[in-house]
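# Structural features, examined
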Amino acid sequence: MAQESITNVDDESALAPMKSAGPGNLAGESAPAPAPVSPAAGTARKDAIRLLWFRHYPLWQSAIAFLLGLLATAALSIDLAPVSYKTITKLDPTATGALYICYEVLLSFAGHSDAIVLLALALLLVLPIRYVLFGKGDSLRPSVVLPAAAFALCTVFGMSYDLTDSAALVAGGISQAIKAVIMGAGCAVLGHTGFYLFYDCLDWLGTQRPAFSESRFGVAWRAAHAALDRRPFLVPLALIALAWSPSFIAAMPGIFMGDTGAQIRQWFNLPNGTSDYLNLINPNVLLNGHHPVAHTALVGGCVQLGMQVFGDENAGLLIYTALQFFITAATVAYLVCSLRRFGCGLAPRAASLLFFALMPLFSNYAVLITKDVLFADALAVLVVQTAMLLVAGADFDTGAGGGVTMRPRDWALLAASSIGCTFLRNGGLVFPLAACVLTAIFSARDAARARRRTDVAHSSATRRRTEAARSNAPAVPRRRWMAIAGVAALVLVLNMTFTRVVMPALDITPGSRREMLSIPFQQTARFVQKHDGVNAGIQGGTNDGLVSEEERRVIDRVLGYDTLASRYDPDKSDAVKNGFNEDATTQDLASYFAVWAKMFLHDPESYISAVVNNYYGYFYPSERDVWFYSTIEGAKIMAREENRAYFDFHPVENSLVEACGHAVNLYRVAIQRVPLVSLTMSSASYTWLLIAVGVYLLRSGQWRSLAMMVPLFGVLAVCLVGPCNGSTYMRYLYPAILSLPFALSVALAWPRRLWRAR
């Protein structure tokens with residue numbers, strides 16, 4: 001992470017101009033070869049865009065665009081909640097049938113109080129809608145239409161599940177279905193226009209360097225240059241530490257979350273929630289694999305160090321928090337610094353730095369004592385090294401100079417980040433293995449292409465031309481893929497050695513099988529709650545005969561039937577999983593899944609709703625505020641009886657800590673409540689950003705950029721089989737959010753080094 005000594009990338013002579021990368025098709029059509037973009041061409045492009053936006057369109061096209069704008073505003077203003085019978089009969093006491101349905105639909109729209117605002121919004125939408133539909137000729141491509149349709153469906157059903165935990169607002173009658181169709185159509189218009197303009201913006205972003213120079217921006221440019229070019233690692237590190245320092249002071253000695261106390265008690269071999277239900281290898285060894293053992297050892301070891309050296313467990317917590325704070329700040333500085341090696345200018349680097357500094361999510365998690373933070377740091381470094389391996393051979397194809405080369409330090413960081421991902425999250429081995437497999441494939445391909453080019457250089461003249469073309473380009477090591485395979489083998493061997501040798505030797509019990517069964521367990525619990533609640537812990541619940549006594553016994557051997565329905569939480573599977581019987585045999589599980597499949601045939605809607613209800617928050621910006629791990633909640637968790645029985649954990653209390661706490665909480669609330677800015681606090685925003693960028697790269701045939709994004713999509717995939725809804729927690733998606741500014745800048749911003757090879 002030391003400072004890089006390379007040419008200033010904001011100098012025109014430092015990098016070759018990037019080429020235009022027009023979109024291909026969804027099946028993977030490669031983008032056209034890049035071509036230099038002159039200032040005159042850039043001006044011509046701007047003039048063409050301006051002409052398309054503001055030219056004189058036929059009246060019928062403007063009328064259609066206006067009607068679609070009204071439909072979009074209707075989608076934003078319509079209320080899916082049912083209209084009361086009293087409201088309708090007050091207007092027309094005799095209304096029935098179709099007339100009654102019309103009243104239900106019409107009364108769901110915003111009244112005259114919002115008419116002016118909605119009309120103004122519809123008029124503003126005319127320009128982009130008209131530009132997309134009629135100014136351009138390719139807006140109906142699958143890469144635009146399919147994401148727009150998915151966005152509309154997720155918005156409509158997401159709102160219903162967010163408000164009612166069911167699809168009742170969509171499928172609760174004819175009037176509800178009509179309102180849902182209207183809302184969905186309006187959202188589809190917004191999604192179609194938004195996705196197309198997003199792709200159009202990305203096309204422009206990759207064809208020319210942002211016009212950020214000293215002559216135009218003066219002080220701002222000089223400040224960014226001083227911060228990001230002279231000391232590209234140390235200055236961002238200092239700025240991030242300074243920006244996050246109020247959160248660190250307010251949180252001292254660190255913010256507890258639900259698992260923190262359990263991990264610490266595990267390390268000290270004290271009773272904890274996980275050791276109570278697992279079948280321990282040795283009843284005298286309570287340390288187990290429910291949480292990553294390496295992280296448990298790190299947290300517990302710091303607390304133990306504080307107690308032995310300072311006689312205070314809170315000093316140990318502060319040691320861990322300070323260590324994690326520094327590592328996270330250093331990781332962010334490394335992400336920003338690494339953008340310079342990829343040729344990214346001051347603008348994307350400054351934007352990334354400001355995002356990390358001002359977004360309260362990062363400062364909050366930097367002082368949260370949880371395994372997800374250090375795993376996110378390791379994954380971010382892995383993404384950087386993956387990008388370096390992918391781009392290292394790209395410049396060889398074009399003969400461009402200034403390539404990114406893998407240095408010994410980079411190989412060390414690749415190995416360290418791979419090991420970190422493996423040991424800081426259960427199942428984290430998949431991330432470095434996927435990255436290594438993909439980069440090894442591209443490295444082997446680059447080496448093969450290099451050999452073929454050497455073989456066809458028959459004449460000395462051809463050989464001289466070839467050598468001249470490559471004189472400034474980095475060589476492509478013929479056996480780089482073997483080094484990558486060596487890193488993959490290293491982490492695989494270390495993981496197997498730890499899980500198959502070290503853990504059994506130390507009598508450390510592995511984690512439970514239940515952790516990967518959130519989806520089927522939630523589906524069973526929802527089905528039982530709906531059809532047999534009276535026998536599963538709900539007083540006055542239903543019993544429609546769909547669950548037989550034998551099926552109850554089968555489920556009971558796995559999940560504990562007597563309280564199953566009462567334990568069901570639509571947004572989180574922990575309570576249902578807590579009833580898992582660790583003594584359940586393979587035959588018990590096989591019988592359970594046979595019943596599970598049979599129940600699906602009885603009521604597939606329950607199963608689908610269980611999945612949607614558990615994960616809709618990753619696709620819909622919920623009205624609920626995402627859970628923030630505050631100092632107040634952390635203090636409450638510290639004071640729980642299970643923690644107080646063995647330790648005296650408590651927050652630091654003084655005027656400075658209190659003042660910082662008030663300031664931090666006020667700032668977080670402001671970010672959560674300011675329109676548009678509040679979307680940065682929604683998991684759905686980052687999910688849709690990942691989807692949109694993924695589709696854009698796919699339709700452009702940019703496989704190297706997609707390969708770099710694979711770890712981020714892997715994090716999202718894990719979220720969608722995990723225990724919690726994105727509307728409640730962001731920490732499960734946090735590793736992808738941390739890496740996103742770097743990945744997007746490298747993949748999309750000028751000069752798009754990964755686009756140089758296909």
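Here's what I pulled together on the structure shown here. (Residues numbered from 1 in each chain as written. Predicted model: local features only at pLDDT ≥ 70, side-chain atom pairs only at ≥ 80, totals over all residues. Heavy atoms only, no water.)

### Regarding the overall build of the protein
Within the protein, the secondary structure is distributed over 35 helices and two strands. When the 758 residues of the protein are sorted by exposure, 52% land in the buried category. Looking at the protein alone, contacts between residues at least 24 apart form 81% of all its contacts between residues at least 6 apart. (Helix = DSSP H or I, 4+ residues; strand = E, 2+ residues; numbered from the N terminus. Buried < 20%, exposed > 50% of the residue type's maximum accessible area, 1.4 Å probe, protein only. Contact = heavy atoms within 4.5 Å.)

### Some words on the nonpolar core
In terms of nonpolar packing, the biggest core is built from 130 residues, with Met708, Met709, Leu733, Leu738 and Phe742 touching the most fellow members. The element best represented in this core is helix α18 (residues 371-392), accounting for 16 residues. Beyond its immediate sequence surroundings of up to four residues, Met708 is in contact with Val383, Thr386, Ala387, Leu390, Phe742, Ala743, Val746, Ala747 and Leu754. Within the second largest apolar cluster, 23 residues are counted, among which are Ala536, Val554, Leu564 and Phe580. (Core = buried A, V, L, I, M, F, W, Y, C linked by side-chain atoms within 4.5 Å.)

### Section: a nonpolar patch on the surface
On the surface, a nonpolar cluster with roughly 360 Å² of combined accessible area is contributed by Leu67, Leu70, Leu119 and Leu123. Elements represented by at least two residues in the nonpolar patch include exactly α2 (59-77) and α5 (115-135). Position of Leu70 relative to the elements: it lies in helix α2. In this structure Leu70 comes out as partly exposed when scored by relative accessible area, which is 32%. (Patch = residues over 30% accessible without salt bridge, like charges linked within 9 Å, V, L, I, M, F, W, Y side chains within 5 Å. Areas by Shrake-Rupley, 256 points an atom, 1.4 Å probe, with all protein chains shown as cover. Salt bridge = Lys/Arg side-chain N within 4 Å of Asp/Glu carboxyl O.)

### A closer look at the packing of aromatic side chains
Per the stated rule, a full pass over the model turns up 31 aromatic pairs. Both rings, one in Phe355 and one in Phe362, keep their centres 5.4 Å apart while their planes meet at 75°; by these two values the pair is edge-to-face. Overall, the relative accessible area of 25% leaves Phe355 in the partly exposed class. Between Tyr629 and Tyr729 the ring centres are 6.3 Å apart and the planes differ by 25°, which places this aromatic pair in the stacked class. (Phe/Tyr/Trp six-rings, centres within 6.5 Å; stacked < 30°, edge-to-face > 60°.)

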